[in-house]
Amino acid sequence: MNLQTAIYKKYFSDLLSKFSESIDANEEAVFTLRSEQNTFVRFNHSKVRQNTSLDQHIIMCKFQKNKRVVEFGFQLVIDLTTDLNKFLCFLNDSRIQMSKMDASSDYTPINSVLKSESIKKINRPPDEQIIPWICDQFKNVDMVGFWCSGPVVEISANHLGQYHYFESDFFFFDYSIYSGPRAVKSLYSSELWSEVNFKNNINQSIQKLALLKKDLKTLNKGSYRCYLEPAAVDEILSTLNWGGFSQAQYKQGLSPLKKLIDKDCALSGKISLTENLTLGLAPNFNSIGEVVSEPLSIIKNGQINNLMTSTATALEYGIESNYAESSEFIKSLDLAPGTLSIKDVLEQLDTGIYLSNLHYINWSDRSNARLTGMTRFACYWVENGEIQGPIQDMRFDDSIYNLLGKNLIDLTIERELMVKTGTYFTRTLGATLAPGLLVDDMNFTL
Amino acid sequence: MQIDIQNELKKIKNDSDHVAFKIVKESTRDLSVRNEIPQKIQTYEDYGVMIEVMRNGHIGYAATCELNSESIQNTYKKAVEMTSHLSQHAVTEFNSSVRPPSKGHYISKRTVGLDQLSLAEAYDFLKTLCKELRCNSLIKTAITDTMIVETEHHYVSSSGADFLQNFNLATVSLSSTAVDSRDSQTRTFHGGRGLCLQAGKEYFDLSRYLNDCQTISKEAIELLKADNCPDKTCDLILSPDQMLLQIHESIGHPLELDRILGDERNFAGWSFVSPDDFGQLQYGSSLLDVTFDPFVDNQFASYNFDEIGNPAEKKFLIEKGLLKAGLGSLESQFRSGLPGVANSRSMSWNRAPIDRMANINVEPGTESLEELISRVDDGIIMFSNRSWSIDDYRRKFQFGCEYAKEIKNGQIGRTLKNPNYRGITVPFWNSLAGLTHAGTIEKYGSPYCGKGEPSQIIRVGHSSPYALFKNIDIFGA
């Protein structure tokens, strides 16, 4: 923990105690605090396009009274008097406004007094050294990418004294290298900084780029046997996670996986999916401080085993909560491995398409769980187990009941851990652990 | 605590080529009501300062929400240190021409400010509309929501820029999901949060929406019994609330100069448009006129200056189908030598500005909607976006809509559900065969256009008439 982070830690603790003292006996409050000290550097043509240092500290308060709920939040100035006064201003206005409203479906009783602390520190060179080093490594190729680093803190506390503290110093370098219009994409992130491993990652990307210099293959629309690398699998899983595993979405008639949940359709028995917070890249507590200590099976052998169920949803529908976040998204996706060794992928693919990434996936038919999206980055045509050359980008449109169902051949034994690289508003915490996937008859339409 | 950034700027020992401070204060109230029960009632205040410095021609940034003099001075030092250090690795060496010394102000057009609308009043408004949506037992889920934003940007620079822009922005969304034993269909008020405008409290007048509630729910139920959209090639009319997506994805994004320059290749993507295409590429048929227009009353992304002080002006991006200018800020114009617009924009104080869309509009034609329909022997008219996907070069797209009507021999026929269409950008816009007149133009937009590393959302506006396209691939579920 650096000095600045230690000063903030003490400040946040003192501030949240003060906030809690303001809550009356017939009121409840839970606080979520996110603090970040970010370095963002974006690159184009292996040089620096923009650099930004950012300090931000966001407090959110879920305030409840007579089952009315109002949530409010603001950026902290890091001055006890100023921040407390602003909090009291929001609190008093909330008391007035909520008295004119009805009881909320988002009400959840607050009774936890648990405490926990998780701090992950990564020893690595300072950003000032790393950025020029990156420019130097890519001086002979056309690299475009994004360096993101700095400590991220997440705290959940409540007026009763619950206090969970999570701090992670995670970093990532998300980049692509180009040869003309064709590119290879990669990600370097690790809990142990290793210049050797970083260089290996770069060298592997450069080797892959050489394959893209072969003649371009333009394929007709139709069905093809395909191998999807873990990054492509993550794109599909992330789309399914967009409401697909949410109990509330299902109960409200909005779930794209309704037919799977109702057992009208099935996935392959090879598919098992878990919310696995033991990966350690996201806090094991949610925004109201509920703690998930064990992995939660979502799909087991092709069948829905659990849906992500927040306590608010559980109360509304009279079912059991599994302490999902209110959005009911899976934070750490863990897709079970199969029996295919990565070294055998090309041989088993035989003739078909090798897909390293997919792009911009969306539902084309929600009720039948049909997805559409594009191939992107290094995607190759393979004949008799040999890469022939890159393919022209193609659009797929296929049901999840085909891709992860009847047409699924196998998943790889080896899996890849991909940290979340999202940076909208705040840095996304979490990861996907996924194997590659071999599938028959993937449908391409354009 | 109020911070005088002009005063803070004066305090620094400036040895940079350029320094600017931008302070943003934004209040957002986000409410949703499901089946007349409050689901989310949230208020959030975003407040911070972004400092930009130019060192050796390289522009870098540092930002903080710690709004006190000491932190602001420290943040300035951070910006200087990092930017000086990295300037030897910079993509471009800019000069002061990319930061004009603009002065002035802007205020959103409104009758009564949104600060006069209380949280409880907004809740009552949504609850009433939600009740109206639940007019039939087949409506299983009715959701109404609104986002109410008041924001103020103040930018001052060492070169003398000093401008203040004050926005009132609002979205209203209505959604009805009808469910029977076989199907579930959702109909919304112009697609998710498509109905978004710069407006005041007057926008929250129930009489503007009550009739629409009845229509939406009736159409959601109608879709349960409707036939699927067929798979075929035919004429397609798009309503303005689908044109918003079509413009956004297949004109707006590919014309962003920072994409064309390659900045977004690792995330949002590149562009099929090359620098040589400006002045040469017949992007669409001769009917197609597309403008960057920051001065449309109440449109979601109207303003007087972009966020680096470039005065905004209306400009034709495409005229009579010919590509004329890109969506590029002064920085992108400097790098590419191409014509651009005032569109350097950021999500808030905590993100560096990049090339963004603002109001990108299709100009009207001359026909009435009835005349347009009468010209279609075999076709479909589609309404309200519900699905979108396009490749990273913005060529091959596939979009889905909520609701469609068949057109046979110039007459509207049966209702169709799950309508989708796909195409390739330039041939698609060249198949444009008709546009309705100015009186049919509708204004929509999105609060959520995503782009950039670090990622940021931005508010965009798109207005359009109805548009007829010939020989398009359509398909159903």
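The coordinates are above.
Attention here is on the structure that accompanies the text. The structure displayed is predicted, hence computed values, not measured ones. (Residues numbered from 1 in each chain as written. Chains lettered and ligands numbered in written order. Predicted model: local features only at pLDDT ≥ 70, side-chain atom pairs only at ≥ 80, totals over all residues. Heavy atoms only, no water.)

**Comments concerning the nonpolar core**
In summary, soluble globular proteins display a tendency toward joint burial of nonpolar side chains.
For step 1, the next point in the chain: Judged by nonpolar contacts, the single largest core of 129 residues is most densely connected at F87 of chain A together with Y283, L317 and Y421 of chain B.
For step 2, the next point in the chain: For this core, the element with the highest residue contribution is helix α3 (residues 119-133) of chain B, accounting for 8 residues.
For step 3, the next point in the chain: By size, the runner-up hydrophobic cluster in this structure holds 50 residues, among which are A232, F245, W363 and M442 of chain A. (Core = buried A, V, L, I, M, F, W, Y, C linked by side-chain atoms within 4.5 Å. Buried < 20%, exposed > 50% of the residue type's maximum accessible area, 1.4 Å probe, protein only. Helix = DSSP H or I, 4+ residues; strand = E, 2+ residues; numbered from the N terminus.)

**Here's the deal with empty space enclosed by the protein**
All names here are of chain A.
For step 1, the next point in the chain: Across all of its chains, the model carries 8 cavities of 30 Å³ or more by this definition.
For step 2, the next point in the chain: Estimated volume of the largest cavity: approximately 70 Å³.
For step 3, the next point in the chain: Taken together, 14 residues make up the lining of the largest cavity; nearest its centre are E275, L277, V292, Y323 and A324.
For step 4, the next point in the chain: Taken together, the residues of the lining of the largest cavity break down into 8 nonpolar, 3 polar and 3 charged. (1 Å grid on protein atoms, 1.4 Å probe; cavity = no way out; pocket = protein on both sides within 12 Å on 5 of 7 lines; lining within 4 Å. Points joined across faces, edges and corners; volume = space filled by probe spheres on them. Nonpolar A, V, L, I, M, F, W, Y, C, P; charged D, E, K, R; others polar.)

**Let's talk about the pairing of strand β14 (residues 332-335) of chain A**
All names here are of chain A.
For step 1, the next point in the chain: Residues S332 and D334 point to one face of β14 and L333 and L335 to the other, with burial holding for every one of them.
For step 2, the next point in the chain: With 3 bridges connecting them, strand β11 (residues 273-275) and β14 associate as antiparallel partners. Residue pairing across strands places T274 opposite D334, the latter belonging to β14.
For step 3, the next point in the chain: Bridge analysis of β14 against strand β20 (residues 431-444) gives 3 bridges, and the strand direction is parallel. Looking across to β20, one finds that D334 is bridged to L433. (Pairing = 2+ DSSP bridges.)

**Side note on the pairing of strand β2 (residues 37-55) of chain B**
Residue and element names in this part refer to chain B.
For step 1, the next point in the chain: For β2, a buried count of 16 out of 19 residues is recorded, marking the element as mostly surrounded by other parts of the structure.
For step 2, the next point in the chain: In this structure, strand β1 (residues 18-34) lies alongside β2, joined through 17 bridges in antiparallel fashion. Paired with K25 across the bridge in β2 is Y47.
For step 3, the next point in the chain: Inspection of the sheet shows β2 paired to strand β3 (residues 58-64) by 7 bridges, in the antiparallel sense. In the sheet register, M50 faces β3, and the bridge partner there is A63.
For step 4, the next point in the chain: Linking β2 to β3, which pair antiparallel, is a turn of 2 residues; within it N56 sits at a positive phi near 55 degrees.

**Brief notes about the interface of chain A and chain B**
For step 1, the next point in the chain: Taken together, the contact between chain A and chain B spans 88 residues of the former and 92 residues of the latter.
For step 2, the next point in the chain: Taken over both partners, the interface formed by chain A and chain B buries close to 7,600 Å², and the fraction arising from carbon and sulfur atoms is 49%.
For step 3, the next point in the chain: At the boundary of chain A and chain B, one finds 10 salt bridges.
For step 4, the next point in the chain: Note that D397 of chain A is salt-bridged to R422 of chain B, the shortest N-O span being 4.0 Å.
For step 5, the next point in the chain: Between chain A and chain B we count 65 residue pairs in polar contact (both at pLDDT 80 or more) in total.
For step 6, the next point in the chain: Residue contributions to the side of chain A that touches chain B peak at 13 residues, all from strand β2 (residues 47-65) of chain A.
For step 7, the next point in the chain: The residue inventory of the side of chain A that touches chain B, partitioned by class, reads 36 nonpolar, 30 polar and 22 charged.
For step 8, the next point in the chain: Here strand β3 (residues 68-75) of chain A runs beside β2 of chain B; their pairing, made up of 4 bridges, is parallel. Residue pairing across strands places E71 of chain A opposite Q42 of chain B, the latter belonging to β2 of chain B. (Contact = heavy atoms within 4.5 Å. Buried area = accessible area lost by both parts, 1.4 Å probe. Salt bridge = Lys/Arg side-chain N within 4 Å of Asp/Glu carboxyl O. Polar contact = N/O pair within 3.5 Å; in protein donor to acceptor, adjacent residues only side chain to side chain.)

**Here we look at helix α4 (residues 210-225) of chain B**
For step 1, the next point in the chain: Looking only at α4 of chain B, the buried set comprises C213, I216, S217, E219, A220, I221, L223 and L224 of chain B.
For step 2, the next point in the chain: Against the buried residues of α4 of chain B lie α3, β5 (139-157), β6 (162-179), β7 (184-188), β18 (396-408) and β19 (411-417) of chain B.

**Brief notes about the packing of aromatic side chains**
For step 1, the next point in the chain: With the rule as written, the count across this model stands at 50 aromatic pairs over all chains.
For step 2, the next point in the chain: Both rings, one in F74 of chain A and one in F90 of chain A, keep their centres 5.6 Å apart while their planes meet at 0 degrees; by these two values the pair is stacked. Remark: F90 of chain A occurs in helix α2 (residues 80-98) and F74 of chain A occurs in strand β3; sequence separation between them is 16 residues.
For step 3, the next point in the chain: Arranged with centres 5.1 Å apart and planes meeting at 15 degrees, the rings of F397 of chain B and F399 of chain B form a pair that is stacked.
For step 4, the next point in the chain: Through a chain of ring-to-ring contacts, the aromatic side chains of F43, W133, F138, W147, F171, F173, Y175, Y188, W193 and F198 of chain A assemble into a single cluster.
For step 5, the next point in the chain: The positively charged end of K9 of chain A is found above the aromatic ring belonging to Y165 of chain A, 4.7 Å away from the centroid.
For step 6, the next point in the chain: Against the face of Y47 of chain B rests K25 of chain B, its NZ or CZ located 4.8 Å from the ring centre. (Phe/Tyr/Trp six-rings, centres within 6.5 Å; stacked < 30°, edge-to-face > 60°. Lys NZ or Arg CZ within 6 Å of the ring centre and 35° of its normal.)

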